[in-house]
Amino acid sequence: MSEESDLEKTEPASPRKLEKSRDDGQVPRSAELSTFAVLIAAGGSLWLMGDHLTAQLTSLMRDGMRVPRDVAFDSGLLFERLFGQSLHTLFAFAPFLILMFLVALAAPMLISGWLFTWKSLAPDFKRLNPVSGVGRMFSWNSLVELTKALLKATLIGGVGAWTIWHHKEAVLSLIAAPLALGAGHMGDLVVMSFLAIAGTMILIAAVDVPFQIWDHHRKLRMTKEEVRKENKETDGDPYIKARIRAQQREMSRKRMMAEVPKADVIVTNPTHYSVALKYEEGKMRAPRVVAKGSHLLALKIREVGEQHKVPLLEAPPLARALYHHAELGDEVPQTLYNAVAEVLAYVYQLRRHREYGGKAPHMPDASAVPAELDPEHAMPGGERTE
């Protein structure tokens, strides 16, 4: 059952898959919305430009019916006259045609926004598979398209029949009307009928647009296995990422351990924490933490320090404060300057004693650590961390 659920497309499409499908030209489209927009724009433009178009058509018809004798018997002049009338017709309808082109181009953008890709034009021979073709004929989408077609035929046919019946007297009266008056009335009837019939498309578009958006996301649903695979490709395999982090930590630890022999002193707690400090006068504003660790790593820092004769100083409060409040490579906090200064003074005196002899320096107390920086004081009951 678990394997079957992993193979079922129950998960919504990820942003990555949505973006990829958009790059491939797969976006929700509604032919009904485009048809409705074009028809409404056509009807509205005919309504606004009806008088102008009627006058232009009347002029073309009048000029076309009056052919001079010399033009009628001269094919060259006849062709020139026909060409001029064609240009006249084109210029008369140019605003209407340009508007239709812009509306047809902009209508799909209402759903999917601007998109231009050549991938949709690439040949796909899978569409020529007869088995797939039969499957598409009896698919859910085919049933929806059939329902929409029947609904459109019923609505448009009903509205068309009602329009013709309602204006039957006006249509019959055009036979006896003068040409100019009849052309104007005919234009008004055509525009009104056109708008009434095209207006029915809004009902179909109002249903089709949400359906197309829902169906687009339904087709892009993913299985749980696909989601896991995509997460691995995007974020990387968790096992590999864990190994990389482990290798990075190991490399960081090796670099840190390489700095221990260069340290001036190692402050310990005495076994829980070890913090190695280094200070170069004139190059550093304050001592820096070059290595730090707890438990086993703390013991390793002590061992390396002892091998390279780096001075060790047991100062539990200072070790705890440095470990918890100073990151690797950072300067020690200003509130610990006094305590660290005592430690470095002791180190320099010890180094001088080893080189020139004399009285051995006294080990500093190094206890001038503010209570708020010592984790021991923050623990309930004063529980010690050593």
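What counts, and at which threshold
- Residues numbered from 1 in each chain as written.
- Predicted model: local features only at pLDDT ≥ 70, side-chain atom pairs only at ≥ 80, totals over all residues.
- Heavy atoms only, no water.
- Helix = DSSP H or I, 4+ residues; strand = E, 2+ residues; numbered from the N terminus.
- Buried < 20%, exposed > 50% of the residue type's maximum accessible area, 1.4 Å probe, protein only.
- Lys, Arg positive; Asp, Glu negative; His and termini not counted.
- Salt bridge = Lys/Arg side-chain N within 4 Å of Asp/Glu carboxyl O.
- Contact = heavy atoms within 4.5 Å.
- Pairing = 2+ DSSP bridges.

Within the element layout of this structure, R302 appears in helix α15 (residues 296-307). The buried charged residue R302 lacks any salt bridge, with E306 as its nearest oppositely charged partner at 4.0 Å. Ignoring sequence-local partners within four residues, the contact set of R302 consists of T268, P270, S274 and L312.

Enumeration over the complete set of coordinates arrives at 8 salt bridges. The partner of K219 in a salt bridge is D215, and the shortest N-O contact between them spans 3.3 Å. Residue K219 and its partner D215 are located together in helix α12 (residues 201-219), separated by 4 residues, close to a single helical turn. Look at K219 and you get partly exposed, because its relative accessible area is 46%. Residue E331 is joined to R288 by a salt bridge in which the shortest nitrogen-to-oxygen separation is 3.8 Å.

Once that is clear, we can look at the environment of M284. Position of M284 among the secondary structure elements: in the loop between β4 (273-278) and β5 (288-294). Considering only alpha carbons, one finds M284 and E331, 47 residues apart in sequence, at a separation of 8.8 Å. Apart from residues no more than four positions distant in its own chain, M284 is found in contact with K278 and Y279.

As a further point, take the pairing of β5. Burial analysis of β5 places 5 of its 7 residues in the buried class, the great majority of the element. Here β4 pairs with β5 via 6 bridges, running antiparallel. Bridge pairing in β5 links K278 to R288.

Positioned with a positive phi, H295 is a non-glycine residue whose angle comes to about 55°. Residue placement: H295 occurs in the loop between β5 and α15. A positive phi angle is found at K309, which is not glycine, with a value near 60°.

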